[in-house]
Amino acid sequence: RSNGDGTFKTSVNYAAGNQPMSVTAGDFNGDGPLDLAVADRGADDVSILIGNGDGTFKTPVNYAVGNQPMSVTAGDFNGDGPLDLAVANFFSNDVSILISNGDGTFKTAENYLAGHGPFSLTAADFNGDEQLDLAFANRSSNNVSIYLAISRILLPVDTDDDNCFIATAAYGSQMTSNVLTLRQFRNRFLLTNRAGKAFVRLYYAYSPPLADFISRHDGLKPMVRLSLLPLVMLSYFALHFGPMPTATCLLLILGLPLWLITLYRRTRI
């Protein structure tokens, strides 16, 4: 503890997990005093030490994250007030987000793919929308990954050709009209409801490896673009005419062949 004159009292040690690599401070239970969060590389977890308010801390409580957590930072990532945690996991190539319950405890971690060997991370509002985004340094791939928060969901921003989405990989650019249509549909119709947000989380958790495979095989790109065309058309109609007319047209399109088949069978009897 500080003596207030630039000197410190004799150190006091508190147990954490195995091989602690990084620590951050924040009021995780909302009682005023600062608490601690420690990334434990050897234990694959984060230790939470609640502050007593007098410079001492309670026994740590550990929460599982990815493999070899190297860095931890705190921030309100879901906009509900309490501080949450983000952890860079070196060996599993992902970032764990632990949402706070507001009482010093945290929900089960959700993992987001990063680059190769994320080693350090920081949280800030990079695009000025008053939501916390994430940036993490990838030691093994020599780059920085950016995750922008959209409707309080962290979505990755491509920083190179090896880390892109399926549509971007198929069309070759994020700025093509079809990719922009799909992104607008995501923002307007998927990120505005619980089911849509769950789908987006699932998609961005598992699509990067497939996108990377597509980006490295030019022969697959025309087939993927062809398979995405119905989705692009539906997204376009939903954006310009609304979801209900689009759903009605979709039912008519799907129902027309069935009606024709039924009519044909009746005429054969």
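Everything numeric in this text was worked out from a predicted model, so none of it was measured. (Residues numbered from 1 in each chain as written. Predicted model: local features only at pLDDT ≥ 70, side-chain atom pairs only at ≥ 80, totals over all residues. Heavy atoms only, no water.)

The strand order across the open sheet built from 4 strands is β5-β6-β7-β8, with neighbouring strands paired in antiparallel fashion. Strand pairing shows two members of the sheet lacking a second neighbour, β5 (69-75) and β8 (110-113), which therefore form its edges. Ignoring strand direction, the axes of neighbouring strands in this sheet form an average angle of 25°. Of the pairings in the sheet, the one linking β5 to strand β6 (residues 84-89) comprises 6 bridges and is antiparallel in character. Residue Gly75 lies in a different strand from β6, and its bridge partner there is Asp84. (Pairing = 2+ DSSP bridges. Helix = DSSP H or I, 4+ residues; strand = E, 2+ residues; numbered from the N terminus. Axes fitted to C-alpha atoms, helices over the stretch in contact; angles between N-to-C directions.)

With that settled, consider the layout of surface pockets. Quantified by volume, the largest pocket comes out at close to 530 Å³. Along its surface, the largest pocket is lined by 23 residues, and Leu182, Phe185, Leu190, Phe199 and Leu231 are the ones closest to its centre. Put simply, the parts of the chain that give the lining of the largest pocket at least two residues each are α1 (166-171), α2 (177-190), α3 (194-215), α4 (221-241) and α5 (243-268). The element that contributes the greatest number of residues to the lining of the largest pocket is α2, accounting for 7 residues. A per-class count over the lining of the largest pocket returns 18 nonpolar, 3 polar and 2 charged. (1 Å grid on protein atoms, 1.4 Å probe; cavity = no way out; pocket = protein on both sides within 12 Å on 5 of 7 lines; lining within 4 Å. Points joined across faces, edges and corners; volume = space filled by probe spheres on them. Nonpolar A, V, L, I, M, F, W, Y, C, P; charged D, E, K, R; others polar.)

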